[in-house]
Amino acid sequence: MNMTDYNELNAQLKSLIEGVPYRIANLANASALLWQGMEGLNWAGFYLREGDGLVLGPFQGKPACIRIPLSRGVCGAAARTLQTQRVEDVHAFPGHIACDCASNSEIVVPILSGGETVAVLDLDSPLFGRFTPEDQAGLEAFARVLEEAWGDMR
Ligand code: SME
């Protein structure tokens, strides 16, 4: 499997969202960029904060669960703790929500605005241990690009 070039991916994201004030459009393009640019994925997309839970946002992959309480799942843990969750084996993660039974590993990066989680970036893989610390750093930088533009999007 080829390593992702996050410098290139993140530069592409910046130029795609530059001057675009629409959140859904930008997150849709961001999920398409990840889907096209990374290998070994079966799901790539976003959940958006709605009160004390998360609601499905733009994504690529199979249809997924619509609502996730902050108290549940890898996504809920990332949103609640404001920390990236990099899970080598989802079957060993307490409360993991299986949307696609092909998923074996997962990474969820919170997207913050005003010190709160406003969304999470979620990637799933059929491979165990798909996401390395280098992927985590690259995806956190990807999320920072979205955070910087968040307030200018509606
Ligand atoms: N597995 C996630 C649910 C979302 S799907 O992976 C798209 C979780 O446990 O939060």
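Residues numbered from 1 in each chain as written. Predicted model: local features only at pLDDT ≥ 70, side-chain atom pairs only at ≥ 80, totals over all residues. Heavy atoms only, no water.

(A) The arrangement of empty space enclosed by the protein in detail. Applying the stated criterion across every chain yields a total of 1 cavity of 30 Å³ or more. If you add up the space inside the largest cavity, you get close to 120 Å³. As for the largest cavity, its lining consists of 15 residues, of which C75, I97, C99, E106 and D122 are closest to the centre. Residue classes in the lining of the largest cavity are distributed as 9 nonpolar, 2 polar and 4 charged. (1 Å grid on protein atoms, 1.4 Å probe; cavity = no way out; pocket = protein on both sides within 12 Å on 5 of 7 lines; lining within 4 Å. Points joined across faces, edges and corners; volume = space filled by probe spheres on them. Nonpolar A, V, L, I, M, F, W, Y, C, P; charged D, E, K, R; others polar.)

(B) A look at the site of the ligand. Taken together, 13 residues surround the ligand, and among them V74, C75, I97, E106 and D124 come closest. C75 has a polar backbone atom sitting 2.8 Å from an oxygen atom of the ligand. Contact distances for the ligand include 2.8 Å between an oxygen atom and a side-chain N or O atom of D124. Computed on the free molecule, the ligand has an accessible area of 310 Å², of which 99% lies beneath the protein chains in the complex. A majority-of-atoms criterion places the ligand in the largest cavity. (Near = heavy atom within 4 Å. Polar contact = N/O pair within 3.5 Å; in protein donor to acceptor, adjacent residues only side chain to side chain. Areas by Shrake-Rupley, 256 points an atom, 1.4 Å probe, with all protein chains shown as cover. Sits in = over half its atoms within 2 Å of the grid points.)

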